[in-house]
Every structure is written in C-alpha cells, then in structure tokens.
Amino acid sequence: MKKPINCMNRPDKKTLKRLSGLICLCALTLAGCDNSSRTSQNGDKIERLLAQMTLEEKTSFLHGLVKGFDMSDFGDPENKANVGFIPGVPRLNIPPLRLTDGPAGARYTKGLTTAMPAPVSLAASFDPALAKQYGAAIGAEARAIDQDVLLAPMVNIVRIPGGGRNFETFGEDPLLAGEMASAEITGIQNQGVMANIKHFAANNQETNRMTINTIVDERTMREIYLPAFEQGVNAGVASFMCSYNRLAIDGKNSDYACASKTLLTDILRTQWKYDGFVMTDWYAAVLPGLQGLEALTPAPLSAGLDMEMPGGNMFGSLLIDAVQNKAIPVATVDKAVYRILTQMDKFHLLDGTPPAKKTIDQLKDQNSVIAKQAAIEGAVLLVNENNSLPLQASSITSLAVIGQTAASLNYGGGGSSRVKPLNMKAPLASIKERLADGQVSYQPGVDLDGIAIPASALSHDGQPGLLRNDGSLDNELNFTTDNLNPLAPNGKQVITWSGNLTAPTTGDYELKIQVKNGGASLKIGTGDQNGNPQIGIADSSSISFADISLISTRDGLQWAGYKIHLEAGVPQPITITAIPGAGSDFATDLADPLKPTSFRLAWMTPELKQQRFDDAVNAAKNASNVVLFAYTEGNEGKDLIESINLPEDQDALIQAVVEANPNTVVVLNVGSSIEMPWLDGAHKPTALLNMWYPGQEGADATADILFGQASPGGRLPISIPFKLADYAPANEPQSFPGVDDTVIYQEGIFVGYRWYDQNNVSPRFAFGHGLSYTQFSYSEPTVAATADGYSVSFSVTNTGGSAGVDVPQVYLGAPANAAVPMAKKALAGFSKVKLAAGESSRVTIPIAKRALSYWDVNTAQWQVASGQRAVYLGSSAGNVEEIAQIQVTK
C-alpha cells in the first residue's frame, strides 16, 4: 500500500412538434481587451441613466422586438441583428444590443464566417489554451459582424448517448466541461463581445424539451449539472441563457427554468454572486415553456429573469401594466435593467469605446488556421492495429475512397449552431492531393444524391414530364449550373410543377428535393402510411432542422428526402415548388436573387441503391487500400431514442468493405456515440479515426492525419458503449425520454464513466481514450498536499519514434466509508503534453479542494470527503494505475 499523505484542510402534441421546428428555425435566423475580470466603475452613472428613463424605455431593455414568429424583422433600423435585438435609448446615447448564435462559429445570416469544429471536438482536445483561441476566433468574428452578445458556450452535460445536441457540448464530465467553457468564455470576451453560457439548467435532451419536467436530486445538480455554469461565473461570463424545461430539484416546485427563483436568484445570484444578466431561450416565454400564451405573466422577472427573447410577450405591455398596477415594483424592473447596463458598461458600450474590430476578410486566414488546428487536436484515433495509420503514400498502389462524406464535407451539426462556412473542400480532394494522379478511385457506397427522376416516370394528362405553372411541360426537373441549365432569376416568384410520379418497379424509394440558391418543396399522394393527407419536404422557409440533410450533394446542393414504398405502374399525384433566389438558413452559402438557382427532383431507386453498394465493395476489392467515411447527422430538436447505429446501410457497407479488403481505415464524422458492430467480427477495420464534425477545414485536417503530416491530438470526452442497451439510463422510459412529460434522473451522480464504473459495465471506448502515432510512459509519480488540495507530479516520456501528443489524466477515488454514494473514481485533473520522439517532460496536475468534496444536502455546502483515497494516473478512465493513497481530512 502506498504511504498515506496527510492533508490539512400546454398546447397539444402535434402543435408542440410543429412549434418546436419553428423555434429551431427562429433561433437560426436568429475582438481586444480582457473584460472577464473588469468590474463597472460607473454605478452612479448607471443609476443616473435609470433615473432619466421612462418605464417604456426601461422595459425595452428586457425584451426583443420580434412580433410573433416572424424572425425576418428584429426591429433593427440598421438591419444588423442576427437572432436578437435590444434597441437601446438613443436620446441617452445608450446603443443597441445585437445577439447572434455562436457555439461553432459566429452565426451570420447575411454572410459567411469561419465554421469551427463542433464543440465536442474542441472538448476532445482536452486543451483549455486551444479553447481560449477558439473563443477568441469566434468572438472576433462576432465583433466583425457588429454583434454584442455571442450565444456560446453550451455546457449541458452529455447524459445520454443519443442526445441530439451532444455535438454542441463539452462532454460528460463536469470538470472537463468547466475548464473548456471558462477558457472559451475568456477568449470570446477578450474580443469585446459578451459571452452567453447556456442552457441553465438540466437541459440534457431534445425530446419534449419545451415541456419536459426534469426531476433531479440536489446533490446531482450540484456535482454534475451545475459546475460548468459555476465555472462560467468564475470566468466572468456576461450573460446566462435559461432553458426551456421545467426543473424539480428533489422533486420540488417543477418551475420552468426561466421562472425558477431557486436557479436564477438563490443559486446564481445569492450563492454564486453573479452580477450579469439572464435571458430566455428563444420563445421559452411564449410556447409551453411558461405555460402558453393564455397564462403569460411577467412574474419570471421577480424570479431573476432579466430578458425575454426574441419578442416581448411577457416583458412588454404585460410588464408595463403590472408595474402601473403595482403588481410588480418598479425597483424589480430597475434591477434587471441595471444588470444589463452594467455589462454594457463593462464592455465599453456605454462610453462608446469598445475595442477596435477587424473585418471578416482580415480575420479569415488566421481563423482558418485555428479551425484546422482545432480539428486536428480534437481528432480521436480509436483503433490503430499494426500501426495502419499514418498511411504511407509510397506503399499505396491504389486507394479506394468510399462514403458520401468523403465527397461532401460533413462539417457541422444542425440547428442554431450551424454556420455558413467561408471555405468548403471535400476530404476526397485533399486525399487526391497527397497521391499521384490515377491512384484514387471514389464510390459513395451509401449514396445520398440519387439521380434525377427521368421523364419516363413523370407525366401530366398522359404527356411525359410535369406541367409548370406557366403552362409549359418539363420532361425532368434537373436545372443545375453543372448541366448549364439552371433556373433563371425571377424575383423570387414561385414556380410550381404538377403531375404524376409512376415507379417502374415495386419497392422502397427515397424522393429528394435538391436546391442551391433557393427554396423548394414537394408533396406527393393523397395519403401515406401514417395517414397524413400530404407530405411536405424541403420547404426552406418553414421546415425544422431535422428535415433537411446536413450533408450536401456532391455538386453542392442542399436537399431533403422522403422515403416511400411505391408500387410499379401506380401513378402518384405530385406537386413541386421552387423559389429561385430565396434565402435559407439551412444552406451552406448565401442566397442571391440575382443569380441562377440549381434545382433537381431526384430519387434513389431500390436498384440504384444496391448498385451503389456493390460498386463500393468491388472498388474495395480492387484497391490496395481503402479509406471509408461514415457519418451521422446530429441535430437540434432530434434525439436518437431507439438506436445509435449509423444511419442508412452504413454498418452493412463497412462490414462488406472490410471483408473485401482488410486494409480498410474508417473515418467517422459523428457528433456523439455510435454502435460499431463491425468491430466485433473476424473482419474489422485496421484503424478507426473519429474526426467528429470537423469544421470548414476538416478536409485538410483529415488528410494531414491520415498521411502523417499531423498526429491526432484528441481523447474522448464521452464514453462509447458497445450497445445502447448497455447503458441503462438511456433505456428506462422514466429516465429517458420520459413518461407523461416527466423525466427522472434516476442514475443520480453516476453519469457517463461514473455509471460504467458503478455498474461494472465496460464501454467499448472509455472516457479519455485516444491513441497517438507514438507511445508514452509515466514514471516517478509524487503526490503532495497544497493549500487548496494536492498536486500530482510525474514524468511523461515519448518512447516511440515520432512526435506526438499525450493527455495524462488524474482520477481520484472515493474513501472506503464515504458519507454518501460516490463515484469509484472521478476526473480530478488533466494536462496536454506535446513531445518529440524520446523527449521527456515533468508534468504537475493540481487536485483542487472541490474535487475532494461532495455536496452535503443537509448543510447545503461542499464538504471534503475525508478518509483514505486512491489517486490514479492514466490515459483514460479505463486505463489507470493507482499511484498513491492519500489520507484526506476535513
């Protein structure tokens, strides 16, 4: 045994579903000094400003100006607002506030910005210094597009493997999430932009997110779901966003988060001493988030809410009436306005001296470098049998590249975090640049494009083709710039085609609307298997996030599809619309009504689907090496409940390809856990590289890693199960997705790797796992007591033959007779080390007092868990070695 070390010290469900998609869309349409520690020196000035304001002017700070659900008009006279706008008071020289989304880049509805790797990829870097750079990049671009508040970072913990927004998070561990979030906040705010930490709190699923009642015990809230928010407060974050869900801590109250005095006042303001402001998530006050329009009340202001977004349903005329009727004191209004003005003052908006800003053109080159580096540092090498990676170009005679996302970069997840990228390049192009001409072949395997529906399958009154609303017939709808036949600009006038679709053979088809620089929709038949009278797809002005693919066609068109069983020879009525030049927040580029529009009506037939699959397998057989790209499409508003397998037939494709060619490397573009049945058989990939959603520079980052110009630097910020069924919290309806609009966090503090340890279940890949192109060893560990806990020191040596990156991790065990149930081990600290071949470095990782403590619900404070406790050092939660026993005392 190691020598002990002593230490001192409600609308209906159909309506909710429709409105959920609308909220998603609304959120979509919706650079340096360090302000993180600066406090206002001008309290008297703010008081004087308040004294000069009318009640109407005061309340104008407390809500946006959007009317209803029309997010096309923010009330901004300069038309600079992106997702939210506060008008300011011009007569008092108080400027407006403009808000934009920001988790994966500064969202710009009127232009292009740098699309960064998904936040989960940033978390996988285990590198707070990189997080600060990432924050600085998106903060500088937010300033460049005249935004004052950047809605980032999102710090909700990954609770379930299939969470729709897992890709936007910093993973499953609160210490990692807090470290990364606080660094990113500092980076953002150093650019003169207010960060916004979200979604406060326990917003860990998308299913019924606006109505779900989350029941979680207080200790779990304090130890798992709140620490990253508290770290944000410590970093000086300017604003919070409260979440849609209701929250019943210990089963009490069930208040909506945006109306919870416990959250917004007791914890945030009183206990954490927070002096920033709190805004709602978009439309949280209008939809079921606060009981619907019929029950709207300005009461949440008294609970600690300061700002309603994006309109003024609660804090507009209703609030004015409540103050005038003395139902709410004007002092309560003043307090909220004071908080907002205080932050505006900190960021020099009141004195008119915010930091100088650069343009996007001036920033784009340096930020593309950061984006590429972030993609490399977050890339996780999961498997590398026989050092299959990096690929040696000299030993490759022919390379088969397979997969849709090889030819169409899957750069980011869907929803309010999606950015129109400045650059787009396919990984296939980057791979070809590293090999000789003719060495690389390509097959999609699982083809998302399909082909244009031929004239033989389209008819109108017995004539081939479809009837256009100008009276002409079009044999097929394939109007693209590639075939030199795009739709001409027409002032955004709707073009409609109608007729019949007749399948040549019986089977399962997917119909596709594909468009660039425009909007489109499709309706087919008079009914479907669900009894719906019409099917609408790809209406870019109203469709929700989850209905449009995040992966463009290989010729750069956005698309949406609908799967339907068709009988041979049976005509189906069909109506298609296109709006040339119409804008779409889902597009990867800007719409321009003066430019032509590419538009195609396509399908995937049963025969073509099998042909594409067979062609990919044959290409693998005939190549010396294979690189196969696989994907998921993580999307706001849509959890994966029953399956976390790769979509379409990708699992079968991978299995068939590895059986055809053992020299197969699989590259994943995913946002969270997936099942990997193709790792369990006799034939399996020799290497598995998770690039996540790698941002706009993902193509070159992927190719650099594949060919050894860079070493993968990431480690998993989540645990990946063998099967979804292995992880009980995701399989018990009360636990997820909930029963009767209530979800119970029955697992308590045992989330992610803590759950696997507690239940003696092995994940496929443990939290913290990741390989390098070299090897590392740890030696000479020491543990010493400090004023705030302990420090763990050890030597890291690169024992391999090339430079590489290591992420040593320190975990702390529970005392044998803990006063409360505790995790068998919990992450207490980590470091990131880059070493040349043969190089060594001495590393010290602190264990803070908080890591030694648990939340005591009886005393309502943190208590040190005393007793003899193990200290572990290793490369992941599943690969650690005990290096010391420490005797912890209170």
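Above this text sits the structure in question.
Keep in mind that this is a model prediction, so the values were computed, not measured.

### Here's the deal with the environment of A488
Then step 1. Topologically, A488 is positioned in the loop between β19 (478–479) and β20 (495–502).
Then step 2. The class for A488 is exposed, based on a relative accessible area of 52%.
Then step 3. Along the backbone, A488 and L594 are 106 residues apart, and their C-alpha atoms lie at a distance of 8.6 Å.

### Some thoughts on the sheet that holds strand β8 (residues 246–249)
Then step 1. Here we have 4 strands laid out as an open sheet, ordered β9-β8-β6-β29, and mixed in their pairing. Two strands bound the open sheet, and with one partner strand each, they are β9 (252–256) and β29 (742–744). Neighbour to neighbour, the strand axes of the sheet diverge by 20° on average, direction disregarded.

### Remarks on the pattern of salt bridges
Then step 1. What the rule picks out here adds up to 42 salt bridges.
Then step 2. Residues R222 and E218 are paired through a salt bridge, measuring 3.9 Å at the closest nitrogen-oxygen approach. Pair noted here: R222 and E218 are both in helix α7 (residues 218–225), with a separation of 4 residues, about one helical turn. The exposure classification of R222 matches that of E218, with both residues buried.
Then step 3. Overlapping salt bridges, with partners in common, bring together D76, E78, K80, R98, D146 and K357 in one network.

### Observations regarding the sheet that holds strand β28 (residues 687–690)
Then step 1. Here 6 strands make up an open sheet; going across it, the order is β11-β28-β27-β26-β12-β13 and the pairing mixed. Since the sheet does not close on itself, it has two edges, and those belong to β11 (380–384) and β13 (440–443), each with one partner. The average angle at which neighbouring strand axes cross in this sheet is 15°, direction not considered.
Then step 2. Here strand β12 (residues 399–402) pairs with strand β26 (residues 625–631) via 4 bridges, running parallel. From the neighbouring strand, A400 faces β26, where its bridge partner is V626.
Then step 3. Packing of helix α18 (residues 698–706) onto the sheet brings it into contact with β26, β27 (664–669) and β28, and relative to β27 it is tilted by some 150°.

Conventions adopted
- Residues numbered from 1 in each chain as written.
- Predicted model: local features only at pLDDT ≥ 70, side-chain atom pairs only at ≥ 80, totals over all residues.
- Heavy atoms only, no water.
- Helix = DSSP H or I, 4+ residues; strand = E, 2+ residues; numbered from the N terminus.
- Buried < 20%, exposed > 50% of the residue type's maximum accessible area, 1.4 Å probe, protein only.
- Pairing = 2+ DSSP bridges.
- Axes fitted to C-alpha atoms, helices over the stretch in contact; angles between N-to-C directions.
- Salt bridge = Lys/Arg side-chain N within 4 Å of Asp/Glu carboxyl O.
- Contact = heavy atoms within 4.5 Å.

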